[in-house]
Amino acid sequence: MNDLLNELNEAQRVAVESAKGPVMIIAGAGSGKTRVITYRTAYLIHSVGASPHQILALTFTNRAAAEMRERIETLLGNGSTDGLWIGTFHANFARLLRQHISALGFTSNFSIYDAEDSQRVMKDIMTELGLNAQTLSPNTVQSKISAAKNKFILPAEFEQTARDYVDEKIAHIYRRYAERLRKNNALDFDDLLIKPIELFLQRPDILEFYQSRFAYLMIDEYQDTNRAQYLVSKMLAAKHRNICVVGDDAQSIYSWRGADISNILGFQQDYPDAVTVRLEENYRSTKVILKAANSIIKRNREQLEKKLFTQNETGEPITLMVADDERREADKISFAIRNLKVTKGFSNRDFAIFYRTNAQSRAIEDALRANAIPYKIFGNISFYKRKEIKDVVAYLRFALNEQDEESLLRIINVPTRGIGETSLDKLRQLAASEGVSIYDVMKRAAMYPDVPVRLISPLGEFRMLIESMQETAKKYSAYQVVAELYEKTRLLELLKQENTSEANARYDNLQEFLSLAKSFSDQNEGDDSLKTFLENVSLVNETEDKDESDNKVSLMTIHSAKGLEFPVVFVSGLEEKLFPLNPDDAKDLEEERRLFYVAVTRARQKLHVTYAKSRYRFGNLQPTLKSRFIDELDGDVVQTESGQFLRDLRAAEKEKKRIVRDDYSQETYEDFSEFSDNWKRPERKSASPKPSTLPTSPALSIGMKVQHKIFGSGKVIALQGVGDDAKVRVFFKTAGEKTLVVKYANLTPYN
DNA sequence: ATTCCCTTGATTTTT
DNA sequence: TCAAGGGAAT
């Protein structure tokens, strides 16, 4: 162990050796955070004498958990992590709930609903309540309910605090939603975090058990925890107070998902005796890249003090690339990659291209393909979100959990069995009037005279299929169950018959799922049960194997880049309203800035920042504005393609402005003026080429009363943007606040 | 009951 | 631009 400690720097060593009491490790980008966590765990086991099963390590991603487990095993030997609870909040608490959830009126075979499943339930409830999806969008409902759950606000409290019409409706939906999930014996993603809290509140004995057991608590990415996660970790740590949180407030990028940065900012208040360790030496990047990173993050107000430094070499300047449009931008990136491969000997796997929104990947993909550069996309539309896969999963879920009506409804007519909307309504009504579940009615279909005769046989077959799968699940592996399902439903044959490209893709996906089940069953001989398999499917939907062996360029959103590093990085789309996506909101802006910080600090040796002067948006080519983030970069370390430093260009621009004053006729394409000028200029620019778009929208002003086709009457509370892009925020009496695109909203002013 | 076409409407990030 | 949902046709 002493040898291990010698591999650490001073701060890292302090972090590792602070085994007892509350500890906060502020780990700057590239400062060896993972190394510290793994060494600390090894230290706990090896030197402090903790048993692995006394340690609970919570991570944000499965990837991080897997990496840590692997590295601990490397340090301490195979099998050393047996009994160690290391994984995401969701995975660990799902495991805990499987043990104890009967205390909350669920059974241990509960289903886990993803966001899509839960939105289906909400939509269904809205229909039941006669709520128009037009006035109240299911998206809003879902995000509000989820936000409430993340803050551990239960339906009762939500109802009490509901102020306006919309919130009252949502409160109503929330209550029903909770009831429905209970009836279905299902938990959604947020429940995995808040049910443990409810459990602990109701059953102090169970809390006490885990408090005693988990003598050591470690939480990674603490800046991205939400209130529920905060509460549950506080509860668990209350007894031993050996809580170690690791994070970097500068890399907090999930506030939109309920992450609460004050968790990390307030750790000292929660634990006044906490030891704080700052890891500020960066081992990843060049001095140039760190200088750029520091110049970005210093613009943010709310942050813990820290300053990254490195002993690495100075490195290449950052290259700023400007293109006419997104296709040219993608071309330039491709060209740069080809060039670097030839001149500097990089290979494909050394490159990563980041973008703010998934939609941007398209142009880049096209260009890479055209240039014969192999690539892979991370965090793509998840395999498990595909319809055919969700159908199969619904079968498996239902076989395990007959209460799961959501899944039942999904598969009842897959493949088609002639049980359509009308038949289903019949069954539903019957179930309601008899006070039993739909599946109960289906099971005893023949006994109900109201069930149409032609349904009897398909219902019987369905039932036999489910029962047979249940039998198989009891005795054999998950793979066997999936295989049986395929065989009996003839899903694959049916798709093969269709023989369209779409059907073939589905066919492949189903095959892929089968092999997944196979490899799961082969690899988990100890527990290859359907139940465990399904849990994996629900919580570990990372199909992205970061397989080092395939030598490809990586494409991903910046969010999914967190925790990774690449020798050469391209950050694309540095344009106002794209990155930062919503520059008007100060709070969002700080988070976008942190996102940019994350992007920049992924690079080891060479960074490129790119933007396009125009980009297709909403179907038409629109001029763009260079992102303010470019102006915020330290001019000493950024070069244009022609090799000029930004610092010099900015000075020249300033000088020119002083002489020419208001004459913008000589304006060059490359605009390196300071942000304040840059920001004001668009209206001048866009006013002359496209005046026609403005008159089409009625002149709106704040305070004006307007009429909307669907939402009725409302009052304008804010305006933003110009031309086709102009948006208006309106408060409607019945629908609450809405942001509408003026061009499409068709608002009629009235008095 | 299913399929296909057309309209509509919405544009972020995802454990 | 493009995806999804609704409605009409078969």
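Residues numbered from 1 in each chain as written. Chains lettered and ligands numbered in written order. Predicted model: local features only at pLDDT ≥ 70, side-chain atom pairs only at ≥ 80, totals over all residues. Heavy atoms only, no water.

J.: Sorry, what's going on with the overall build of chain A here?
T.: Scanning chain A from N- to C-terminus turns up 34 helices and 24 strands. Burial status across chain A gives 53% buried among its 751 residues. (Helix = DSSP H or I, 4+ residues; strand = E, 2+ residues; numbered from the N terminus. Buried < 20%, exposed > 50% of the residue type's maximum accessible area, 1.4 Å probe, protein only.)

J.: Help me understand the protein's contact with DNA strand C in this model?
T.: Lining the immediate surroundings of DNA strand C are Lys-123, Arg-362 and Gly-619. Arg-362 is positioned with one of its side-chain polar atoms (N or O) 2.3 Å from a phosphate oxygen of DNA strand C. (Near = heavy atom within 4 Å. Polar contact = N/O pair within 3.5 Å; in protein donor to acceptor, adjacent residues only side chain to side chain.)

J.: Got a minute to help me understand the packing of helix 10 (residues 191-202) against helix 11 (residues 204-213) in this structure?
T.: Packed helix pairs are specified by the crossing angle of their axes together with the interaxial distance, meaning the distance between the axes. At a closest axis distance of 5 Å, the pairing of helix 10 and helix 11 adopts a crossing angle of 110°. It follows that helix 10 is roughly perpendicular to helix 11 by the angle criterion. In this structure, helix 10 uses Leu-199, Phe-200, Leu-201 and Gln-202 to contact helix 11, whose residues at the interface are Pro-204, Ile-206, Leu-207 and Tyr-210. Residues belonging to the contact of helix 10 with helix 11 are distributed by class as follows: seven nonpolar, one polar and no charged. (Axes fitted to C-alpha atoms, helices over the stretch in contact; angles between N-to-C directions. Parallel < 35°, antiparallel > 145°, perpendicular 65-115°, else oblique. Contact = heavy atoms within 4.5 Å. Nonpolar A, V, L, I, M, F, W, Y, C, P; charged D, E, K, R; others polar.)

J.: What exactly am I supposed to notice about the sheet that holds strand 11 (residues 318-323) here?
T.: Pairing between sheet strands relies on hydrogen bonds along the backbone, with the strands arranged either parallel or antiparallel. Across the sheet, seven strands lie side by side as 13-14-12-15-16-11-19; this open sheet has parallel pairing. With partners counted over all chains shown, the strands left at the sheet margins are strand 13 (375-377) and strand 19 (638-640), one partner each. Each strand axis lies, on average, 25° off the axis of its neighbour in the sheet, ignoring direction. (Pairing = 2+ DSSP bridges.)

J.: Looking at this structure, how should I read the protein's contact with DNA strand B?
T.: Around DNA strand B, the surrounding shell holds 23 residues, and the nearest of these are Phe-60, Arg-356, Thr-416, Gly-420 and Phe-618. Expressed as a percentage, the sugar and phosphate content of the atoms of DNA strand B within 4 Å of the protein is 48%. Thr-557 places a polar side-chain atom, nitrogen or oxygen, 2.9 Å from a phosphate oxygen of DNA strand B. Breaking the surface near DNA strand B down by element, the ones donating at least two residues are helix 20 (421-434) and helix 27 (558-561). No other element matches helix 20, which puts three residues into the surface near DNA strand B. Considering only residue class, the surface near DNA strand B consists of seven nonpolar, 13 polar and three charged.

J.: Please clarify how helix 3 (residues 33-48) should be interpreted in this entry.
T.: Residues three or four positions apart in an α-helix share a direction because the helix packs 3.6 residues into each turn. Most of helix 3 sits inside the fold, with twelve of its 16 residues counted as buried. Among the residues of helix 3, those classed as buried are Lys-33, Thr-34, Val-36, Ile-37, Thr-38, Tyr-39, Arg-40, Thr-41, Ala-42, Tyr-43, Leu-44 and Ile-45. Residue Gly-49 follows helix 3 closely and has a positive phi angle near 85°.

J.: What should I look at first to understand the pattern of salt bridges in this one?
T.: Oppositely charged side chains are able to pair whenever their charged atoms sit close together. Applying the stated criterion across every chain, the model contains 55 salt bridges. For Lys-33, the salt bridge identified is with Glu-221, shortest N-O distance 3.3 Å. Of this pair, Lys-33 sits in helix 3 while Glu-221 is found in the loop between strand 6 (216-219) and helix 12 (227-237), placing the two residues 188 residues apart along the sequence. For Lys-33, a relative accessible area of 19% puts it in the buried group. For the salt bridge of Arg-241 with Asp-273, the shortest nitrogen-to-oxygen distance reads 3.1 Å. A residue pair is termed long-range when its members are at least 10 positions apart, and Arg-241 in the loop between helix 12 and strand 7 (243-247) and Asp-273 in the loop between helix 14 (267-270) and strand 8 (275-279) qualify at 32 residues. Using a relative accessible area of 43% as the deciding quantity, one classes Asp-273 as partly exposed. Among the charged side chains, a network of salt bridges with common partners joins Asp-114, Glu-116, Asp-117, Lys-387, Lys-390, Asp-391, Arg-397 and Arg-410. (Salt bridge = Lys/Arg side-chain N within 4 Å of Asp/Glu carboxyl O.)

J.: Explain unusual backbone geometry to me, please; I cannot follow it from the model alone.
T.: Negative phi is the rule for most residues except glycine; trans is the rule for most peptide bonds. Pro-415 follows Val-414 through a cis peptide bond whose omega is -10°. With omega at 10°, the peptide bond leading from Phe-579 into Pro-580 counts as cis. Despite not being glycine, Lys-577 shows a phi value in the positive range, around 70°.

J.: I would appreciate a short explanation of the pairing of strand 15 (residues 566-571) in the present structure.
T.: Working note: regular strand, side chains alternate between the two faces of the sheet. Across the six residues that make up strand 15, a large majority, six, are buried. Sheet analysis places strand 12 (residues 351-355) next to strand 15, joined by four bridges and oriented parallel. For Phe-354, the partnering residue across the bridge sits in strand 15 and is Val-571. With five bridges joining them, strand 15 and strand 16 (residues 603-612) adopt parallel strand pairing. What sits directly across from Phe-566, in strand 16, is Ala-603. Traced from strand 15 through helix 28 (residues 586-600) to strand 16, the parallel crossover comes out right-handed. (Right-handed = clockwise from strand over helix to strand, strands pointing away.)

J.: Just to check I follow, could you spell out the sheet that holds strand 2 (residues 55-59) for this structure?
T.: If you trace the six strands from one edge of the open sheet to the other, you get 3-2-6-7-1-8, paired in parallel fashion. Each of the sheet's edge strands pairs with one partner strand only, and the pair in question is strand 3 (85-88) and strand 8. The sheet shows a mean angle of 15° between the axes of neighbouring strands, taken without regard to direction. For strand 1 (residues 23-27) and strand 8, the ladder comprises five bridges, and the chain directions are parallel. What sits directly across from Ala-27, in strand 8, is Leu-279. Here helix 4 (residues 62-76) sits on the sheet in contact with strand 2 and strand 3, set at roughly 155° to strand 3.

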